[in-house]
Amino acid sequence: RLRQRLAGSGTLGRGLLGLLSRDQLDEDTWEAIEDLLLGADIGVQPTQELVERLRTRMRVEGDATADARSVLREELINLVDPAMDRALHVTGADGNPGVILVVGVNGTGKTTTVGKIARILVAEDRSVLLAAADTFRAAAADQLGTWGERVGVEVVRGPEGGDPASVAFDAVKEGVDRGIDTVVVDTAGRLQNKQGLMDELGKVKRVIEKQSPVTEVLLVLDATTGQNGLIQAKVFSEVVDVTGIALTKLDGSAKGGIVVAVQRQLGVPVKLVGLGEGPDDLAPFDAAAFVDALLG
Ligand code: GDP
């Protein structure tokens, strides 16, 4: 499904393989390879590393025996780092709920992702409660309410303009009292100043943890915003300890290489990828499957 949905799936792979299969791997060819990788949002440093590895391997393994595709596949998988822990931590300790705090800039797909996560958890027979801790926009809570109905999960919400931390507190308290498996908290993503964001998210996290530890802080990032989105994401990762990334809109005009750049810049694994607007359009991230989709 990743292969069908991934924007530009195969284009990068075809371009790279075309170049790598040339009889003469001269400087112009390597430059063209570098341009393709940079154009795919992989980022400067990872691109240089990859080109260096490819140069060495294509040289050492010789033109006759080197299978460009398998060399490229192996090196791309290495770059995406298959060793990272990509499990979503949804289970709490001592009978308390697991708590997933979902953060990110407005418009990146936060609320949609919360709805889709609920769908996945429900399908695994877990009991789920959603918290609409974005109290600044009435539409945000309504939207989460709609998702709750769609996936059959209750939504805890507070008064418009109320304290986001108090909604999060109420939801987790209810989760503890009712023996709910996982509480997923949707937060506001106003990128006001860094201090304001830090105060707000810090408080939300603190009040939750009075009752049950936050097991996952998921940062939602819109893949189509490329390097710009990364800068904003970085601000979030500086104010709260992010444990995983949900990379949305990979079905749009995104360039897949952003996966590599995000992990490098934030030092956190991509755990989920958004592949559309529907309830089932969220998939766990798998390095090998992703590289195969990139290569087409
Ligand atoms: P929020 O402001 O961060 O909560 O963002 P929303 O959840 O409201 O999403 C913003 C828009 O992005 C909506 O129109 C969603 O349907 C859309 N969206 C979210 N995730 C994806 C995705 O993976 N693929 C596509 N194509 N659209 C998405």
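Position numbers for residues start from 1 in each chain and track the written sequence from start to end. Given that the model is predicted, a residue must reach a pLDDT of at least 70 before its local features are reported, and side-chain atom pairs must reach 80 or more before they are shown or counted; all residues, however, enter totals for whole chains, interfaces and linings. Neither water nor hydrogens contribute to the side-chain values; these are computed over all heavy atoms in the structure.

Novice: Looking at this structure, how should I read the pairing of strand E1 (residues 98-103)?
Specialist: Residues in a regular strand point their side chains to alternate faces of the sheet. Relative accessibility thresholds used throughout: buried, under 20% of the residue-type maximum; exposed, over 50%; partly exposed, between the two (1.4 Å probe, protein chains only). Helix numbering and strand numbering both begin at the N terminus, where a helix is a DSSP run of H or I of at least 4 residues and a strand a DSSP run of E of at least 2. Across the six residues of E1, six count as buried, placing the element largely inside the fold. Burial along E1 is two-sided: the face carrying Gly-98, Ile-100 and Val-102 and the face carrying Val-99, Leu-101 and Val-103 are both buried. Being paired, for any two strands, means DSSP has found at least two bridges between them. For E1 and strand E4 (residues 182-187), the ladder comprises five bridges, and the chain directions are parallel. Bridge pairing in E4 places Val-99 opposite Val-183. Looking at chain direction, E1 and strand E5 (residues 214-222) are connected through five bridges and run parallel.

Novice: Is there a simple way to explain the site of the ligand in this structure?
Specialist: Gly-107, Lys-110, Thr-112, Asp-251 and Glu-277 are the nearest of the 17 residues found near the ligand. Side-chain atoms alone can form a polar contact between residues adjacent in sequence; in general such a contact is a pair of N or O atoms within 3.5 Å, and within protein one must be able to donate a hydrogen while the other accepts it. Separating an oxygen atom of the ligand from a backbone N or O atom of Lys-110 is a distance of 2.8 Å. Glu-277 places a side-chain nitrogen or oxygen 2.5 Å from an oxygen atom of the ligand. Among the elements that take part in the shell around the ligand, helix H6 (residues 110-123) stands out by supplying four residues, more than any other. For the shell around the ligand, the class distribution of residues is two nonpolar, nine polar and six charged. The cutoff for a nearby residue is simple: one of its non-hydrogen atoms must lie within 4 Å of the molecule or strand. Throughout this entry, Asp, Glu, Lys and Arg are counted as charged residues, while Ala, Val, Leu, Ile, Met, Phe, Trp, Tyr, Cys and Pro are counted as nonpolar. The remaining residues, Gly among them, count as polar.

Novice: Looking at this structure, I do not really get the sheet that holds E1. What am I missing?
Specialist: Strand-to-strand pairing in sheets goes through backbone hydrogen bonds, with the strands running parallel or antiparallel. Strand order in the open sheet formed by eight strands is E3-E2-E4-E1-E5-E6-E7-E8, and the pairing between neighbours is mixed. Edge positions in the sheet fall to strand E3 (154-157) and strand E8 (282-284), since each of these pairs with one other strand and no more. Put simply, the sheet's adjacent strands are angled 25° from each other on average, direction ignored. Note on contacts: a residue pair qualifies if any of its non-hydrogen atoms lie within 4.5 Å across the two residues. The convention used is that axes are lines fitted to C-alpha atoms, helices contributing only their stretch in contact, and that angles between N-to-C directions extend from 0 to 180 degrees. Against the sheet, helix H8 (residues 164-178) touches E1, strand E2 (128-133), E3 and E4, its axis set at about 170° to E2.

Novice: What exactly am I supposed to notice about empty space enclosed by the protein here?
Specialist: By rolling a water-sized probe across the atoms, one finds the places where empty space is left. Throughout, the protein atoms alone are placed on a 1 Å grid, and a set of points is a cavity if a 1.4 Å probe fits but cannot get out or a pocket if it is open with protein on both sides within 12 Å along at least five of seven lines; lining residues have an atom within 4 Å of a point. Grid points are joined across faces, edges and corners, and a volume is the space filled by probe spheres set on the points. As enumerated under the stated definition, the model contains one cavity of 30 Å³ or more in all. Each pocket or cavity is described by its volume, and for the largest cavity that value is around 30 Å³. Val-105, Thr-108, Leu-219, Val-220, Leu-221, Gly-229, Gln-232, Ala-233 and Phe-236 together form the lining of the largest cavity. Broken down by class, the residue content of the lining of the largest cavity amounts to six nonpolar, three polar and no charged.

Novice: I'm lost on the pattern of salt bridges in this one. Help?
Specialist: Any two side chains of opposite charge can pair, given that their charged atoms come close. The rule for a salt bridge is simple: a side-chain nitrogen of Lys or Arg has to be within 4 Å of a carboxyl oxygen of Asp or Glu. Applying the stated rule across the entire model yields 16 salt bridges. Among the salt bridges present, the one from Glu-154 reaches Arg-178, with a minimum N-O distance of 3.1 Å. Of the two residues, Glu-154 is situated in strand E3 and Arg-178 in helix H8; the sequence distance between them amounts to 24 residues. Accessibility expressed as a relative area gives 45% for Glu-154, which makes it partly exposed. Its relative accessible area of 42% is what places Arg-178 among the partly exposed residues. Across the pair Asp-177 and Lys-173 runs a salt bridge, and its minimum N-O distance is 3.0 Å. Taken together, the residues span about one helical turn, with Asp-177 and Lys-173 both in helix H8 at a distance of four residues. With relative accessibility at 37%, the residue Lys-173 sits in the partly exposed group. Each of Arg-53, Arg-57, Glu-74 and Glu-75 takes part in salt bridges that share partners, so that together they form one network.

Novice: Sorry, what's going on with the environment of Gly-148 here?
Specialist: Along the chain, Gly-148 turns up in helix H7 (residues 138-151). As for Gly-148 and Leu-38, which are separated by 110 residues in sequence, their C-alpha atoms are 40 Å apart. If we skip the residues at most four places from it in the chain, Gly-148 touches Leu-130, Val-153 and Val-155.

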